Amino acid sequence: MEFEALKKSGITNLLSAFGRSIWLPQGIFYWTGRAKKEATIDATIGSAQGPENEIIAGAPDKAVTFYIPSVQRHFAGLKSEETVPYAPMLGLPDLRKAWREWILRKVGDLRPRVEPCLTLPAVTPGVTGGIFMAAKMFVDKDEVVVSPDRLWENYSNIVERHIGARIETFPFFDGGRFNLKGMQRKLLDTLAQQPKALLMLNFPNNPVGFNPPQEMVQPIVQALIDVVEQAGKPIVVLCDDAYEGYVYDPAALQRSMFGDLCDAHRRILPIKLDGISKEFLFYGGRLGCLTFGLPSGLDVDRKALQEELDNKLGGIVRSTVSNCTRPVQSAILKALGQLDQVLAERQRTVDVLGRRANLLKAEFAKVSLPQLRPLPFNAGFFCFCDVEGVPANKLAEHLIEKYKIGVVPSEGGKINGIRIAFCSVPEKDIPTLVNGIVSAIKDLAAES
Ligand SMILES: Cc1ncc(COP(=O)(O)O)c(C=O)c1O
């Protein structure tokens, strides 16, 4: 966007340097808008959707955004005291405790190791708010933040525009496996230039839909231990766990890597960012949590440490959103009290998405087209295909015009590909989706 109207109006001259630098990338919103109007198969939308009867027996066949009845139901009965007063800055104390228990349940057999490390979660405005707070608290202007080269586009605005830092990436895969060596090299190069580094780890990943196999977890943790030992400097690992729980391959890690990073080394500080948007299928609720995994060997009063961290986070919350919405916190607290029921209901959506992912994989396996290379996927809401010889934007344009299929293209640097949001494509449309992509690439390749 060129912001011509702002310039013409003279308002540009009033903007701060930040006001001039900030902009909302139109990529996803542009293609979602186009798909809404033009597509019969819409693989642009990043929320789980489909016929309601796929998740609720006896419900109509009409498409809905998937939801968990045992979460929604609590809104009807909220009393004024549960909705009207301001919530405490870091969230309702009982919710903070209940979310801590939820994290401990998610880490499973790592509980004995994680529990002593875990702070009381601070409530944030969605996972986005948690990423923002963590970045604000741990990243300095002109510092480098390290991430795999497939990343949620919003990281750039948070880290680069808000903080004035820079994201540097390493190739996500090396021969079909998570690129351990690339991660290590990039972290060591970064630590050679600055006193600490921040690593973003997003598993299951957006846009790749990948969670590492179980046997890769220890090597990844060991690689990070080797980095901090070799550099003699600390790293903060931001675990963006927005899609935790959506894993469709029993051989893949079923939980966040946060637990494995807890107490891995006294110079590794993992921070867990999770929330209800995907985990409880409640995107509009805007509730996330930020939780530290403090190494156990620190020679410090842990209660004082928690209080001081809370104070810092409180300062950020108070000076930005002031506090998070109370009705949602009240309802989620009640839902966490019936977690077994909530998870049983959520499982229907996990199963639907798992069937879609597996079918998509099977359809791709039938295709032999050198220009189309689906990256490994086994989790989350998306998959990503590298495309060769055809610019991704041109492919997306042709796909929507001729085949009425909406995808989100990604072009830039060494990346040229399309993101497919299988979370919003019903199973019956998946073969048509893959055939359309293949035909569109063939059409364009024949033209050139
Ligand atoms: C990787 C990733 N992290 C964080 C978020 C934001 O989650 P929330 O809606 O809770 O702010 C998203 C949402 O699309 C995402 O894809």
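Residues numbered from 1 in each chain as written. Predicted model: local features only at pLDDT ≥ 70, side-chain atom pairs only at ≥ 80, totals over all residues. Heavy atoms only, no water.

Here's the deal with the pairing of strand β10 (residues 235-240)
Defined as follows: Only protein chains enter the accessibility calculation, which uses a 1.4 Å probe; a residue is then buried when its area is under 20% of its type maximum, exposed when over 50%, and partly exposed in between. Note on conventions: DSSP H or I runs of at least 4 residues are helices, E runs of at least 2 residues are strands, and numbering of each starts at the N terminus. Strands were regarded as paired on the criterion that DSSP finds at least two bridges between them.
For β10, the tally of buried residues reaches six of six residues, placing the bulk of the element in the interior. Residues Ile 235, Val 237 and Cys 239 line one face of β10 and the alternating positions Val 236, Leu 238 and Asp 240 line the opposite face, and both faces are buried. For strand β9 (residues 197-201) and β10, the ladder comprises five bridges, and the chain directions are parallel. Bridge pairing in β10 places Ala 197 opposite Ile 235.

Some remarks on the sheet that holds strand β16 (residues 408-412)
Here is the rule we go by: Only the contacting stretch of a helix is used when fitting its axis, a line to C-alpha atoms as for every element, and angles between N-to-C directions run 0 to 180 degrees.
Strands sit in the order β13-β14-β17-β16 across an open sheet of four strands; the sheet is antiparallel. The open sheet has two edge strands, β13 (372-374) and β16, and neither has a second partner. For this sheet the average axis-to-axis angle between neighbouring strands, irrespective of direction, equals 25°.

So, the site of the ligand
Keep this limit in mind: We call a residue near a given molecule or strand whenever any one of its heavy atoms falls within 4 Å of it. Pairs of N or O atoms are called polar contacts if they sit within 3.5 Å, as long as, within protein, a hydrogen donor faces a hydrogen acceptor (for residues adjacent in sequence, only side-chain-to-side-chain pairs). Only the protein chains shown count as cover for residues, and all accessible areas are computed by the Shrake-Rupley method using a 1.4 Å probe.
Around the ligand sit Gly 126, Val 127, Thr 128, Trp 152, Asn 202, Asn 206, Asp 240, Ala 242, Tyr 243, Ser 277, Lys 278 and Arg 286, and that is every residue in its neighbourhood. Between the ligand and Val 127, the relevant distance is 2.8 Å, taken from an oxygen atom to a main-chain nitrogen or oxygen of the residue. The side chain of Tyr 243 places a nitrogen or oxygen atom 2.6 Å from an oxygen atom of the ligand. Taking 400 Å² as the accessible area of the ligand by itself, protein coverage stands at 91%. Those elements that provide at least two residues to the shell around the ligand are α8 (126-138) and α13 (276-279).

Quick word on the pattern of salt bridges
Inclusion rule: A pair is scored as a salt bridge if a Lys or Arg side-chain nitrogen falls within 4 Å of a carboxyl oxygen belonging to Asp or Glu.
Taken as a whole and assessed by the stated rule, the structure comprises 32 salt bridges. Residues Arg 356 and Glu 54 are paired through a salt bridge, measuring 3.3 Å at the closest nitrogen-oxygen approach. Of this pair, Arg 356 sits in helix α16 (residues 339-365) while Glu 54 sits in the loop between β2 (49-51) and β3 (63-65), and the two are 302 residues apart along the sequence. You can call Glu 54 partly exposed: its relative accessible area is 23%. Across the pair Lys 366 and Glu 363 runs a salt bridge, and its minimum N-O distance is 2.8 Å. Overlapping salt bridges bring together Lys 106, Asp 241, Glu 244, Lys 272, Asp 274 and Glu 279 as one network.

Quick notes on the nonpolar core
Basically, it comes down to this: Residues belong to a common nonpolar core when they are buried Ala, Val, Leu, Ile, Met, Phe, Trp, Tyr or Cys residues joined through side-chain atoms within 4.5 Å. An automatic or database domain assignment is the source of the domain bounds shown. In this description, contact between two residues means that some pair of their heavy atoms is separated by no more than 4.5 Å.
Phe 178, Met 183, Phe 280, Ile 332, Leu 360 and Ile 420 are the most contacted members of the largest nonpolar core, which totals 153 residues. Looking at this core, you find at least three residues from each of domain 1 (4-67 + 342-447) and domain 2 (88-324). Beyond its immediate stretch of four places on either side in the chain, Met 183 contacts Phe 170, Phe 178, Leu 199, Ile 220, Ala 223 and Leu 224.

Regarding the domain arrangement of the protein chain
You'll often see interface size given as the accessible area lost when the parts meet. Definition in use: For any pair of parts, buried area is found by adding up, for both, the accessible area (1.4 Å probe) each one loses once the two are put together. Side-chain classes are defined by residue name, with Ala, Val, Leu, Ile, Met, Phe, Trp, Tyr, Cys and Pro counting as nonpolar, Asp, Glu, Lys and Arg as charged, and the others, Gly among them, as polar.
Considered domain by domain, the protein chain is made up of domain 1 (4-67 + 342-447) and domain 2 (88-324). If you average the C-alpha positions of domain 1 and of domain 2, the two centres end up 26 Å apart. Across the domain 1/domain 2 interface, buried area totals approximately 2,800 Å², and carbon plus sulfur atoms make up 63% of it. Contact with domain 2 buries area across many residues of domain 1, yet Arg 346, Pro 376 and Asn 378 alone supply 23% of it, more than any other trio. On inspection of domain 1 and its partner domain 2, the count reaches one salt bridge. Between the two partners, domain 1 and domain 2, sit 11 residue pairs in polar contact (both at pLDDT 80 or more). Counting residues per element, the ones that place at least two in the side of domain 1 that touches domain 2 are α2 (17-21), α3 (27-38), α16, β14 (383-387) and β17 (415-420). Examining the composition of the side of domain 1 that touches domain 2, we find that nine residues originate from one element, α16, more than from any other. For the side of domain 1 that touches domain 2, the class distribution of residues is 25 nonpolar, nine polar and three charged.

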